[in-house]
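# Examining the three-dimensional arrangement
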Amino acid sequence: MMIMDKPFLLVAIFLSLGIIISKYLEINTVLLFIILCVILILSIYTYLKRKDSTILLLLSVAIFGMIIGANALHSKGMYDNLNNKLVSFDGIVSDVVVKDGISKYVLKPKNKEKILITQYGGVFPKDGDLVELRGIIQLPQGKRNPGGFDYKLYLKKNGITALMSVNGYSVKIIKKNADSIIQRVFRNTKERIVENYSVSMPKNDADFVSSVILGEYNVEDDILNSFRITGISHIIAVSGFNFGLLTVFMMFVLNIFHIRRYSAPIIIPLLIFYTLITGLPPSAVRSVIMASMALIASSIGRNNNPINAVSFAAVIILSFNPLMLFDIGFQLSFVATLSILLLYNPVKDMLKIKNEKLKEVVSVTVAAQLGTIPITIYSFHNLSIISLLPNIIIVPIVSIAVILGFLSALIGLIFSPLAIILNMINMPIVELILFLTKIFAEIPHASINVSVPPLYMIIFYYTALLIMISSLSKINKLKVILLILVTSMTILFVNTLIPRNLEITFLDVGQGDSTFLRTPDGENILIDGGGRPEYNRSSFDVGQDILLPYLLYENAASLDAIFISHTDSDHIGGILSILDDVDVKRIFIGRQVQEDENYKRLMDIANKKKIPVFQLSKGDTITIDGIRYYVLSPSSSIINENPINNNALVFKMVYQNVSILFTGDIEKEAENALIDDNISSDILKVAHHGSNTSSQKNFIDKVNPKISVIMVGKNNYGQPDSEVVKYLESKSQLFRTDKDGAVIVDTNGTYIHIKKMVGD
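In what follows, the accompanying structure is described. Residue positions are given per chain, counting from 1 as you read along its sequence in written order. Whole-chain, interface and lining totals are the exception, using all residues; otherwise, since this is a predicted model, local features are given only for residues with pLDDT of at least 70 and side-chain atom pairs are given and counted only at 80 or more. Water and hydrogen atoms play no part in the side-chain values, which are based on all heavy atoms of the structure.

For the rest of this paragraph, the subject is the overall build of the chain. The number of helices and strands found in the chain is 25 helices and 25 strands. Taken over the C-alpha trace, the chain has a radius of gyration of 29 Å; the compact-globule value for 760 residues is 27 Å, and the two agree within 12%. For the chain, the spread of C-alpha atoms along the three principal axes comes to 95 × 65 × 60 Å. Residue exposure (1.4 Å probe, protein chains only): buried if accessible area is under 20% of the type maximum, exposed if over 50%, otherwise partly exposed. The 760 residues of the chain split such that 49% are buried. Contacts are assigned to residue pairs with any non-hydrogen atoms lying within 4.5 Å of each other. Considering only contacts in the chain between residues 6 or more positions apart, those separated by 24 or more positions represent 67%. Residue burial considers only the protein chains on display, and all accessible areas are found by Shrake-Rupley using a 1.4 Å probe. A total of about 37600 Å² of accessible surface is found on the chain, and carbon and sulfur atoms cover 60% of it. Averaging the locations of the 69 positively and 65 negatively charged side chains of the chain gives two centres separated by 10 Å. Secondary structure elements follow DSSP: runs of H or I no shorter than four residues count as helices, runs of E no shorter than two count as strands, and numbering proceeds from the N terminus. Note that the radius of gyration is over C-alpha atoms, with the globule rule given as 2.2 Å times the number of residues to the power 0.38. Charge convention: Lys and Arg are scored as positive, Asp and Glu as negative, and His as well as the terminal groups of each chain are ignored. A charged residue contributes its charge at one atom only: NZ of Lys, CZ of Arg, CG of Asp or CD of Glu.

And the structure:
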């Protein structure tokens, strides 16, 4: 396979490399621009000398990628100087979503960047309204934990650089439908289509069709989860699948009227209009560019190169928005398409299936999955085991629902009663899709949680795929694949021989505690698991949304021990949420003075999964991988004041010459009971999120820490207390998870090295 007949593939690769480099290196864009100009001049000179300037041109593409990437990632935002300040803005509203009495929408002030607004109460604006509002600007946060979600990057690639929470009385709707006529046309078209679906179909059916046709993404969480488990979540999106069906259908109609020769000027504008209605998702932009290039090539009698077309689409998208390279939708869309183009024939040749149609469907599905498996595992830490079967059975049915959905959308804009009839015809088909998806999702172990593979393994995997489709002989392919396997095994073996330090990660789980330990011999220990505080009614699950992804990122799907300080939700909630997803060898918890609902739930799950639970009390000592845990509390004397907090599990962890005191949420009564014990430690996990009911000066003086860590998030309790913070700063180096993100301690038992996720 010659690469030079696909020039845009090389351009896309080098452009992407430049953008990736810009993410991880500090770059002087002015200097790079000068270098780019010099290289371009050299390229022209080389070309005029009739010499090959390909390398120089590709190098210039990579440098261009570094420049636009650095500008998009690291340039100063116009709201950076307004962080935590009260400001007023007026602008046009878009992307309004109302749920549980809260409205989220995007505000675009004139000549300024977008702001994501969260409005509590009052009259909610609608898309296109001009509003005036007043609130406090907040800058979005980046990655808070290793392997965690980068919210700042997610918003920035959508053009949003600030957040604001407002009350209803701070919002004034100045004018309805104040956006441009063109925007109104697209918005009204989309709203009419959605309304046609919703008035004639049950909610779940209408939401499904709206998502597939328009990218509305209003599908209920349990339905979305079913599609994820079965490995067919790609169908609940505007994708190449939709554009392929739509293009084929329009070609069919044009053929009926004998005007197929005009397909390009008729179909391309319609595809562009459809793409604009859907909001320009990467998959739609890719698809419309590819379809347009194919139609134009056909109309002028030229052969279309689909690999070149998809690469050209990637170059266009990344040139306008380089941050899309880090968008999972962009990655899956382009990699799946390239995988089908490159792997379809090799896979088809290997399959021994007599039915040609079935063979084609299986070949497409396997080719796409071979290309996207590493991305899926890396991003979602999950792998569908049964995805091949749902793709074979359900996806063809979806194509019928999509065609009927398109017809309903088009006809509904002209004559709604006929669209309602089409929706009623479509309804049992959609119900069948949802029913089959649910049945497949309920199969035991239909999907499994998977630890994130090392980067070199992903590189080796894709290298092996490229070797398999190369023009090398079978024996040479086998030799290269064998070399890759041997190299992988060697790296894994060498990694086991390299001496490791003890690593302690104080995770940022918001208002709660959770600490992860990786011992020198690779044992995984979790101390508390965070959780949702009782005052917080959000559906956000700390266990599933922070803790489990982190553990899978750290290849810690098996925990050698869990320590639970006490049973308040912000310490045990995340553990209760993930116990069904991880293997746990044993659980340690303090002797209980009150058996609340959380403790009963813990024991029920532990009994069901046969996890031994050990209740500890003062004087107990546990040794795991050479690390000792000296239990200091609870003692035999029960503290009646706030008994769950004050009788929590407190222990001093000692690794060679380094010690850490874990204090849970104890308050001054428990601190007084511990004051005469050996509590002196190098690192102090500050009690009760820095509350003024704990961390008395005499207790801090007795611990005498070099390093203190407050685990705290946004809360209604005034934590951490300013006086506590001030005193801890005077006595030690202080870290806070609300400001520093996760705090990572690396120690060999003598020295201590600290890294924080935010600010380093």
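Once that is clear, we can look at the packing of helix α19 (residues 569-578) against helix α20 (residues 597-609). Every axis in this analysis is a line fitted to C-alpha atoms, fitted for helices over the stretch in contact. Angles between the N-to-C directions lie between 0 and 180 degrees. Running from N to C, α19 and α20 point in directions that differ by 25°, and their axes come no closer than 11 Å. Of the possible angle classes, the one that applies to α19 and α20 is roughly parallel. When the axes of α19 and α20 are compared, the crossing they make is left-handed. Here Ser-569, Ile-572 and Leu-576 of α19 lie close against α20, whose contacting residues are Asn-598, Arg-601, Leu-602 and Ile-605. When an angle is under 35 degrees it counts as roughly parallel; over 145 it counts as roughly antiparallel; between 65 and 115 it counts as roughly perpendicular; any other value is oblique. Whether a crossing is left-handed or right-handed is set by the direction in which the near helix is turned from the far one by less than a right angle, anticlockwise for left-handed and clockwise for right-handed.

When DSSP finds two or more bridges between a pair of strands, those strands are recorded as paired. Pairing is mixed in the open sheet, where 7 strands are placed in the order β17-β18-β19-β20-β21-β22-β23. Both outer strands of the open sheet, β17 (621-624) and β23 (733-736), are each paired with one neighbouring strand and no more. On average, each strand axis in the sheet is inclined to that of its neighbour by 20°, with strand direction left out of account. Across 4 bridges, the pairing between strand β22 (residues 707-710) and β23 is parallel. Each residue of the ladder has a partner; that of Val-709, found in β23, is Phe-735. Sheet contacts for helix α24 (residues 722-731): β21 (683-685), β22 and β23; angle to β23, the most-contacted strand, approximately 135°.

So, about the side chain of Lys-348. Structurally, Lys-348 can be placed in helix α12 (residues 328-350). Exposure remark for Lys-348: the relative accessible area of 17% places this residue in the buried category. With residues near it in sequence (within four places) discarded, Lys-348 still touches Glu-356, Lys-359, Glu-360 and Ser-363.

Tracing the backbone shows Thr-487 in helix α17 (residues 474-497). With relative accessibility at 29%, the residue Thr-487 sits in the partly exposed group. In this structure the C-alpha to C-alpha distance between Thr-487 and Arg-228, which are 259 residues apart in sequence, comes to 33 Å.

Both faces of β22 are covered, namely the face carrying Ile-707 and Val-709 and the face carrying Ser-708 and Ile-710. The pairing of β21 with β22 spans 3 bridges and is parallel. Of the residues in β22, the one forming a bridge with Leu-684 is Ser-708. Here is how to tell: hold the view so the strands point away, follow the path from the first strand over the helix to the second, and if it runs clockwise the crossover is right-handed. Once the chain exits β21 it traverses helix α23 (residues 697-703) before rejoining the sheet at β22, and the crossover so formed is right-handed. Crossover connection from β22 via α24 to parallel β23: handedness right-handed.

Our focus in this paragraph is unusual backbone geometry. Of note, the amide linkage connecting Ser-633 to Pro-634 takes the cis form, showing an omega dihedral of 10°. Its location among the elements puts Pro-634 in the loop between β18 (627-633) and α21 (643-646). Between Gln-719 and the following residue, Pro-720, the backbone shows a cis peptide bond with an omega angle of 0°. A positive phi is found at Leu-280, a non-glycine position, where the angle reads about 60°.

Here the expected length of a helix is defined as 1.5 Å per residue gap, with one fewer gap than residues. Compared with the 26 Å implied by 1.5 Å per residue over 18 residues, the 27 Å span of helix α1 (residues 7-24) between its first and last C-alpha is a close match. Within α1, burial applies to Leu-9, Leu-10, Ala-12, Leu-15, Ser-16, Gly-18, Ile-19 and Ser-22. Those residues of α1 that are buried lie in contact with α3 (54-74) and α11 (306-320).

This part is about the packing of aromatic side chains. Between 30 and 60 degrees the pair is tilted, below 30 it is stacked and above 60 it is edge-to-face, where a pair is any two Phe, Tyr or Trp rings, Trp via its six-membered ring, whose centres lie within 6.5 Å. Tallied over the entire structure, the rule returns 19 aromatic pairs. With a centroid separation of 5.3 Å and an interplanar angle of 50°, the aromatic rings of Phe-186 and Phe-273 are classed as tilted. On the criterion of sequence distance, the pair formed by Phe-186 in helix α5 (residues 181-200) and Phe-273 in helix α9 (residues 263-278) is long-range, its members being 87 residues apart. Under the relative-accessibility criterion, Phe-273 is labelled partly exposed at 31%. Relative to Phe-588, the ring of Phe-563 lies with its centre 4.9 Å away and its plane at 25°, an arrangement referred to as stacked. Note that Phe-563 is positioned in strand β13 (residues 561-564) and Phe-588 in strand β15 (residues 587-590), a separation of 25 residues in sequence. Members of the aromatic cluster, each reached through a chain of ring pairs, are Phe-506, Phe-563, Phe-588, Phe-614, Tyr-629, Phe-651 and Phe-662. Each ring is checked for a lysine NZ or an arginine CZ that lies within 6 Å of its centre and within 35 degrees of its normal; such an atom marks a charge sitting over the ring. The ring of Phe-334 has Arg-286 sitting right over it, with the charged end atom 6.0 Å from the ring centre.

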